[in-house]
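Remarks on the overall topology
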Amino acid sequence: MSRIHNPMLVEAWLDGDEIKDAYISDTLYRGFEQILVGRSAFDMPYYTQRICGICSSAHALTAALAVEQALGMHIPPNGLLLRNLILASDFIQNHLRHIYLYSFPDYFRGPDVAPFIPHSEFDLRLSAKEESSMIEHYFKSFEISRIAHSAFAVFGGKAPHGHGIVLGGVSMEVDADKVNRYRGYMMEVLGFIDDFLLPDINLIKERYPDYIQLGKGIGNYMSVGGFPSPEGSTFFSQGVLLQGKRESYDERHVTEDVTNAWYKPHGPLHPMEEDTIPDRSQAKGYTWVKSPRYRGQPVEVGPLARAIINKEETLGTGTIGRIWARALELKKLAKSTLDWLNRLEPGAETLDLKMEQDSGVGIGLHEAMRGSLGHWVSIENSRVKHYQIVTPSAFNFGARDNTGTRSVGESSILGLKIKSKDLKEVGRVIRSFDPCFSCSVHIIDGENIRTLKIQV
Amino acid sequence: MKHSVKLRKPLLKQIKADNLKGSIIQSQPLWVRIFHWGFAISLVVIISTGLQLHKPAHFLALNFSKVLVAHIVFSWFALGFLALRFTDALIRKDDSLIPKIRDLKHFPKLMAYYFYLRSSPPPARKYNSGQLLIYFSWFLVFLLASFLGLASYWQGEHLIWVWRLVGGFQMIRWIKFMISIYFLATIPVHIYLSLTEDISRLQAMVTGYERRPPKKN
Amino acid sequence: MISRRDFLKLVVKGAVLGNFSQLITPPLAKAVAAGEIHKLPVVMIETGTCTGDSISLDNIWTPTFSDILTNILDWRYDWIMNQVQGQEAYGILQETYEKMPQEYILIVQGSMIQRDNGHYNHVGYENGKLITGIELVRRIGLKAKYVVAIGSCATYGGPVAGYPNPTQSTGVQDILPERRVINVSGCPAHPDWIMGTLLHLALYGEPELEKFGRPKLFYGETVHNRCPRRSFYDQGIFATAIGQKECLFRVGCKGPVTYSDCPIRRWNDRFNWPIGCNTPCIGCTEPGYPDLMSPFTSHLPDIPFPGGTKVNTDSIGLGVLGLTSVAITGHVVTSLYKGRIQKNLLKTSSKTNHRPALKKAQGFHKYWLKKTNKV
């Protein structure tokens, strides 16, 4: 499957034209959690960024939060706001790229140049005029997401893999020049959102009404919260919705299981206790993604989950519902960056390097672009002793757990009626989650699938 | 009994010499002494500037382009002194600094002496096995460091194979740091032993002459 | 490959036709169909990567991406961009491989994961079998006109190959030893470096490469030599912690050992770059990154010891020096106690116990031997 980050293999078992079962597998192992052990704790924000090229700052921030908690560091208010600004611009960049570069090509034809040729002709419902304006907007979005990354670089140094987020705050100082520049970039982004993005989403929504409800999740949603203000309130609230019941989030209920993944087996364990030892000989394994669960249940994370936890207006919980939630979040976030900018104090400190201890345990939780990201770290003498990362895509697309329960991603494509040859419908649904395994998905086409035996 | 002898100056010298315990011989020719002290001074400058380049001391606030120039200039000086010593050794056919297997056979005994298990050091040629090892390794290691320094000085214009072999600038830096640590660890040992073992040897490094103990009959 | 003249014609055409929506109008489509326009075919394979280099390339601000796709490159296979998915997308790669040998450029992003014969990284599905990253890169790479490795991972292994290198990753050159790989390193690589190299390949052929196979154009000088904070360094004024405005050498800046033109090129609309952000350069364009460069806040790297512990080089140096001084002090004390120092000093410094005593007698050069006990 193309147009997502990191390799992904979807195996679907068809009965007639309906998907009866599906396995989603990540085909790349890099072993970051093993690499991180023994390194200096101060390197963590930089090193963990290299896990993902499109959501680099989310890893940087979460790693910084975890290590700061372990070492007893406190971030000055200016640093907190700057971090919000850096991460927000990365969010905006990610959402824009995801919507235009990865999601939308499923719904329009595209220009007659590579990499759009050959076209995927199945089920395209836009008129020629809409088509050409869509292409224009597609390329316009390149400029705007570039601008969002430039806003990132104003305080973050460079993007992707910025340098700005360091332990204790942000290394960049605040002055009018930088505030002015960031604001300028953001105004351009906001203009694009209002003039192009929202109309385009509405257009897709009107033309593909069936996809508003297609590809629903299982009704469990989670958000760990994010973008705190200096007063303590958060822009994304924290909470869990499990089978219709709202409850507060507690990281102790997060477990990861590896029964069906290529790792040395262990039962469902909290990230602080588990290990990551790759073992491709595991007979039951089919993916490199572990199976993270909350209270033993799979949960969906991402912009839609955040909107639901925040009790905001949503447009269904299906494919377009997710894209819609992402677009609205984009606008909300772009607006709030202006508030955060206004609250910055030029000249006030952005960085506080004082540490209370050099060993400890820390948990970094923050909403990343794709959902809830958690870093669990234990540090001894300023060196990492244990590091575990639970990514949003692992929540959405993890392996089946020890009870055989499917992840949200696998569940969402069950029962899909397939009419295309290349399982385009599946692609649309899965891409709406914005999966990020750092590579791509190859969908095995229907004929092969029927010959495969179902084994659970 | 009282007798008088008429002594002339040469004779006097003879008597003095005979009555000294042992004899004074020239052990360190002029070129060796020039090399020793010239190299020592250069090395002090090289290592201190190198350490300064490695981790600048705040309170010094030195001009760093000048520190680097000093580092390079004194490296060239040191190489020059080394060349002097080398030529001198070739001319005099001096192999006293080259460790030979029979020298190294004494090494365990020498160590036993340093650890107070023996009362006297084992017999040796001009230098004992420990000295030979240290001096010879200094020679090799200094050449290696200079060579790497030269490679980094040319920034990959020449000696590209060295960069590829070593694996980049940071590795060059690391090896040179380790070499300087080796020097810093062994030079104090050298100074300490030369002060306490045989002070006349030390004197010879200044005047050229050292006293040899009498041959036992 | 297009000739230079073709390209210039093409640029003019592009300039006349203007932006993309006009370019998809019939004239261009016709030109493409008639084969008037030959763009350089490009395929991109992603192996063990974070896709940061693709994202970075998307951040290019001049030329625009639409210009690149229309006028310069035939961006054939790139699974982040392809509209089709699954077998159809993979089919483009196979078609390019079969129909355009020695014509296309292969761009590789991500490290070559070698563990378990590469089965820790599958990138394709062919004839009922999963294709590993190293297998595909080797196959496609052998028939490519140029192989370009972008990003630290593809060039030298990068963060994925960090100690203990659980996936046994290396750079592309290691699996294609028989041909030259053009390295565009960086974590991520700057869009200008990637596009500049590709354009050089399209227009003038292979660029002049420096010692580690990177184009001299971009990697010819160290960061340090062109750093705007160089004057602080030269005067010996150093920052004591990150976030300060002076030279960051003391907090582990790897600028002196890193070849790239970041200081003059800068990142993301040329407004900022890592040192401009008051943080040290972490040497991401160099071979050996990140292990030789980390901790990023210290001058020399950590050395891994058996058993998984890591010790910084500085501590090793201090440890060795400490050990020597303890050893010498111990030896001095023992020697004094045992009397070895005193004995050696006496033995080698006192001139003689029995110097003949002479008494000057009257007359020129006449001496008496003094009476001693022995005589």
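Residues numbered from 1 in each chain as written. Chains lettered and ligands numbered in written order. Predicted model: local features only at pLDDT ≥ 70, side-chain atom pairs only at ≥ 80, totals over all residues. Heavy atoms only, no water.

Residues and elements named next belong to chain A. Spatially, three strands are ordered S10-S11-S12 in an open sheet, and the strand pairing comes out antiparallel. Here the strands that pair on one side only, and so sit at the sheet edges, are strand S10 (360-368) and strand S12 (383-390). Shown here is a sheet whose adjacent strand axes are inclined to one another by a mean of 15°, direction ignored. As paired elements, S10 and strand S11 (residues 371-380) share nine bridges and run antiparallel to each other. Among the inter-strand pairings, Gly360 is bridged to a residue of S11, identified as Ile379. Contacting S10, S11 and S12, helix H3 (residues 56-71) runs over the sheet at an angle of about 150° to S10. (Pairing = 2+ DSSP bridges. Helix = DSSP H or I, 4+ residues; strand = E, 2+ residues; numbered from the N terminus. Axes fitted to C-alpha atoms, helices over the stretch in contact; angles between N-to-C directions. Contact = heavy atoms within 4.5 Å.)

Let us look at the layout of surface pockets. It is the rolling of a water-molecule-sized probe over the atoms that shows where space remains empty. What the second largest pocket holds in volume is close to 1100 Å³. If you trace the second largest pocket, you find 42 residues lining it, with Leu53, Leu68, His71, Ser152 and Lys176 of chain B closest to the centre. Every element with two or more residues in the lining of the second largest pocket is listed here: helix H2 (30-54), helix H3 (64-92), helix H6 (129-153) and helix H8 (169-196) of chain B together with helix H11 (230-235) of chain C. Tallied by class, residues from the lining of the second largest pocket come to 24 nonpolar, 14 polar and four charged. (1 Å grid on protein atoms, 1.4 Å probe; cavity = no way out; pocket = protein on both sides within 12 Å on 5 of 7 lines; lining within 4 Å. Points joined across faces, edges and corners; volume = space filled by probe spheres on them. Nonpolar A, V, L, I, M, F, W, Y, C, P; charged D, E, K, R; others polar.)

Before going further, it helps to examine the sheet that holds strand S5 (residues 221-228) of chain A. All names here are of chain A. In space, the three strands of this open sheet follow the order S5-S6-S7, with antiparallel pairing throughout. Taken across any chain shown, the strands that pair with only one partner, and hence form the sheet edges, are S5 and strand S7 (245-247). Strand after strand, the sheet turns through a mean of 30° between neighbouring axes, direction not considered. Bridge analysis of S5 against strand S6 (residues 234-242) gives six bridges, and the strand direction is antiparallel. Bridged to Gly226 within S6 is Phe236. Running over the sheet, helix H9 (residues 319-343) touches S5 and S6 and is turned about 145° from S6.

Attention now goes to unusual backbone geometry. Residues and elements named next belong to chain C. Each neighbour pair has its own omega, and for Tyr289 with Pro290 the value is 5°, a cis peptide bond. By secondary structure assignment, the location of Pro290 is in the loop between helix H12 (262-265) and strand S10 (302-304). With omega at 5°, the peptide bond leading from Ser294 into Pro295 counts as cis. Residue position: Pro295 is located in the loop between H12 and S10. At Asp116, a residue that is not glycine, the phi angle is positive and equals roughly 55°. Structurally, Asp116 can be placed in the loop between strand S4 (112-113) and strand S5 (122-126).

All names here are of chain B. What the domain assignment lists for chain B is domain 1 (29-94) and domain 2 (99-204). Taken together, the contact pairs 14 residues of domain 1 with twelve residues of domain 2. Summing both sides of the interface, domain 1 and domain 2 together bury roughly 1200 Å²; the carbon and sulfur share of this comes to 84%. The largest contributions to the domain 1 side of the interface with domain 2 come from Leu43, Ile47 and Leu82, which together make up 32% of the buried area. At the junction of domain 1 with domain 2, the criterion picks out zero salt bridges. (Domains from an automatic or database assignment. Buried area = accessible area lost by both parts, 1.4 Å probe. Salt bridge = Lys/Arg side-chain N within 4 Å of Asp/Glu carboxyl O.)

So, about the pairing of strand S7 (residues 146-150) of chain C. All names here are of chain C. In terms of burial, S7 is a largely internal element, five of the five residues being buried. Of the two faces of S7, both are covered, the one formed by Tyr146, Val148 and Ile150 as well as the one formed by Val147 and Ala149. As paired strands, strand S3 (residues 105-109) and S7 are joined by five bridges and run parallel to one another. Among the inter-strand pairings, Ile107 is bridged to a residue of S7, identified as Val148. Here S7 runs beside strand S9 (residues 181-184); their pairing, made up of four bridges, is parallel. What sits directly across from Ala149, in S9, is Asn183. (Buried < 20%, exposed > 50% of the residue type's maximum accessible area, 1.4 Å probe, protein only.)

Now for the pattern of salt bridges. Opposite charge on two side chains makes pairing possible when the charged atoms of those side chains draw close. Scanning all chains against the criterion turns up 53 salt bridges over all chains. A salt bridge links Glu143 of chain A to Arg146 of chain A; its shortest N-O distance comes to 3.4 Å. Separated by three residues within a single helix, Glu143 of chain A and Arg146 of chain A lie in helix H5 (residues 128-156), roughly one turn from each other. Among the residues examined, Glu143 of chain A registers a relative accessible area of 24% and is labelled partly exposed. Since its relative accessible area comes to 11%, Arg146 of chain A is described here as buried. Linking Glu206 of chain C and Arg180 of chain C is a salt bridge whose minimum nitrogen-to-oxygen distance equals 2.7 Å.

Let us now look at the interface of chain A and chain C. Listed as interface residues are 95 residues of chain A and, on the opposing side, 85 residues of chain C. When the two sides are added together, the surface that chain A and chain C hide from each other amounts to roughly 7300 Å², 59% of it contributed by carbon and sulfur. For the interface between chain A and chain C, the tally reads six salt bridges. With its nearest N and O atoms 3.9 Å apart, the salt bridge here joins Arg97 of chain A to Asp58 of chain C.

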